[in-house]
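Letter by letter, the chains look like this.
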Number of protein chains: 2
Amino acid sequence: MSLSSLPIRIVLVATSHPGNIGAVARAMKNMGLTQLHLVAPQQFPHPEATARAAGADDLLGHAVVHQTLREAVSNCGLVIATSARQRHIPFVPYEPREGASIAVNKAHEGNVVAWVFGAERTGLTNDELAQCGMLVTIPTSEEYSSLNLAMAVQIIVYELSLAARKTTELPVSEVQLATQLEMNQFYEHLQEVLSGTGFRDHTADGHLMARVRRLFNRAQVDQNEVRILRGILSAVEDKRGVSGGGEA
Amino acid sequence: MSLSSLPIRIVLVATSHPGNIGAVARAMKNMGLTQLHLVAPQQFPHPEATARAAGADDLLGHAVVHQTLREAVSNCGLVIATSARQRHIPFVPYEPREGASIAVNKAHEGNVVAWVFGAERTGLTNDELAQCGMLVTIPTSEEYSSLNLAMAVQIIVYELSLAARKTTELPVSEVQLATQLEMNQFYEHLQEVLSGTGFRDHTADGHLMARVRRLFNRAQVDQNEVRILRGILSAVEDKRGVSGGGEA
């Protein structure tokens, strides 16, 4: 299977150096990936991006620029975060090889997959991580772990290309994953229902909805399942409507 | 096994751009390799090399400069060439992964191993290839195969570090997973709440709870999360109790 035929996009968030964007484009094209999405890049387009892209400047020309990560991944079924080793992240990280294999399989089943990289110095924020369903950490030396952004992308797209070559014909799931848009609608619906009940947030960090999102993101909810979840919420709402208001 | 304890050197032949030498040093140090050998570099030392090395400039300071490849590999037991796909090479190329595994094994047995990269535009000459015992080709897109030198080194040292680690130590999560007993209590609780709402099972196979179980099983819910889920269900119940019963 060719990587170029799969709906996998690289998403760069808040990139500082335009040269890195160019180097990423080159790394992608070397491995047969073409879809580059940029979230609020500091400088783009930029001559340095074009120079570093070398023969991959066509990817820059087709790059899609977004204001928010949420927008960049709204039609994606699987969103993968790349992050350095951290102590306080509520994910068990995957290795690049495992992550790439999962990404290729999901893309092969027709799901749009986003592989997300944060800003050079700071990486992905907690809010950005909360929008991802999987975390991949590139193993590095403990003494010196600050991998250049384009180098990190190079390793990931290399693994993606290997995974795509390996994937022969796996059994394909008939049901597509829920898109991030559908999941966000579900979270909003859940929030409405919870507000109605006066439910209090007793989590240690005070971020109940973030915890709930993380749980469902991890589960990789499919189209049927998100319908079931919405149905449950609607049933709870209707019941409240009838017993609280209808009989008054 | 740590890569830094193994006698593996990276050898760059006739490198044109000093920036690439710096980027190679950084890529090496990120993966725990320290021994950089340069054969007739066009410009070295050079401020651009130092700048691109970022925190890996110590590798540049210790880099060994040779006049010929022959000199650079004279004490090596295994010499591996990296090359793009070529028609007229008398080698069957290995994949990076296989090559890295062989390199690590040989180094572990006490052999000095050299991994050789040619000049940016021309690669290794036939004479240089003739001094190598193995050839590794990094698979790339057929349409666009010109991998940046430092990117090629990054992929190889990444594979070397994986080969050296093989026995990985995964990060351990601090929070235990919910037990099956706790999950069953949650499912029963959910079922009670749903019965109370009169929610109908509209799934194709009529097994709504089985679908819901599958979804949560996949998520591998932890102890904190199952408490949050139970809290949500209790809140829905309480609200119903007040509006449906308490005011009657």
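Residues numbered from 1 in each chain as written. Chains lettered and ligands numbered in written order. Predicted model: local features only at pLDDT ≥ 70, side-chain atom pairs only at ≥ 80, totals over all residues. Heavy atoms only, no water.

Draft legend 1. Spatial organisation of the sheet that holds strand β3 (residues 64-66) of chain A. All names here are of chain A. Spatially, the six strands line up as an open sheet ordered β3-β2-β1-β5-β4-β6, and their pairing is parallel. Strands with a single pairing partner mark the edges of an open sheet, and in this sheet they are β3 and β6 (134-136). Recorded for the sheet is a direction-independent mean angle of 25° between the axes of neighbouring strands. Both strand β4 (residues 78-82) and β6 contribute to a ladder of three bridges, which runs parallel. Each residue of the ladder has a partner; that of Thr 82, found in β6, is Val 136. Its contacts with the sheet place helix α5 (residues 96-108) against β1 (8-13), β4, β5 (113-117) and β6, and it is angled at close to 145° to β5. (Pairing = 2+ DSSP bridges. Helix = DSSP H or I, 4+ residues; strand = E, 2+ residues; numbered from the N terminus. Axes fitted to C-alpha atoms, helices over the stretch in contact; angles between N-to-C directions. Contact = heavy atoms within 4.5 Å.)

Draft legend 2. The arrangement of the pairing of strand β2 (residues 35-39) of chain B in detail. Residues and elements named next belong to chain B. With four of its five residues buried, β2 lies for the most part within the structure. Judged from the five bridges that link them, strand β1 (residues 8-13) and β2 form a sheet pairing that is parallel. Looking at the pairing, Val 11 lines up with His 37 of β2. This β-α-β element, β1 to helix α1 (residues 18-30) to β2, shows right-handed connectivity. (Buried < 20%, exposed > 50% of the residue type's maximum accessible area, 1.4 Å probe, protein only. Right-handed = clockwise from strand over helix to strand, strands pointing away.)

Draft legend 3. Expanded view of the sheet that holds β2 of chain B. Residues and elements named next belong to chain B. With respect to topology, six strands assemble into an open sheet ordered β3-β2-β1-β5-β4-β6, the strand pairing being parallel. Because the sheet does not close on itself, it has two edges, and the strands there are β3 (64-66) and β6 (134-136). The mean angle between the axes of side-by-side strands here comes to 25°, regardless of whether they run parallel or antiparallel. In the packing of helix α5 (residues 96-108) onto the sheet, the strands contacted are β1, β4 (78-82), β5 (113-117) and β6, and the crossing angle to β5 comes to about 145°.

Draft legend 4. Up close: the packing of aromatic side chains. For the structure shown, the criterion picks out five aromatic pairs over all chains. With a centroid separation of 5.1 Å and an interplanar angle of 80°, the aromatic rings of Phe 186 of chain B and Phe 216 of chain B are classed as edge-to-face. Here Phe 186 of chain B, found in helix α8 (residues 180-197), pairs with Phe 216 of chain B, found in helix α9 (residues 208-219); they are 30 residues apart in sequence, far enough to count as distant. Each member of the pair, Phe 186 of chain B as well as Phe 216 of chain B, carries the same accessibility label: buried. Counting every residue linked through ring pairs, the aromatic cluster contains Phe 186, Tyr 187 and Phe 216 of chain A together with Phe 186, Tyr 187 and Phe 216 of chain B. Sitting over the ring of Tyr 144 of chain B, Lys 29 of chain A keeps its end group 5.1 Å from the ring centre. (Phe/Tyr/Trp six-rings, centres within 6.5 Å; stacked < 30°, edge-to-face > 60°. Lys NZ or Arg CZ within 6 Å of the ring centre and 35° of its normal.)

By themselves, these observations are geometric and do not establish any function.
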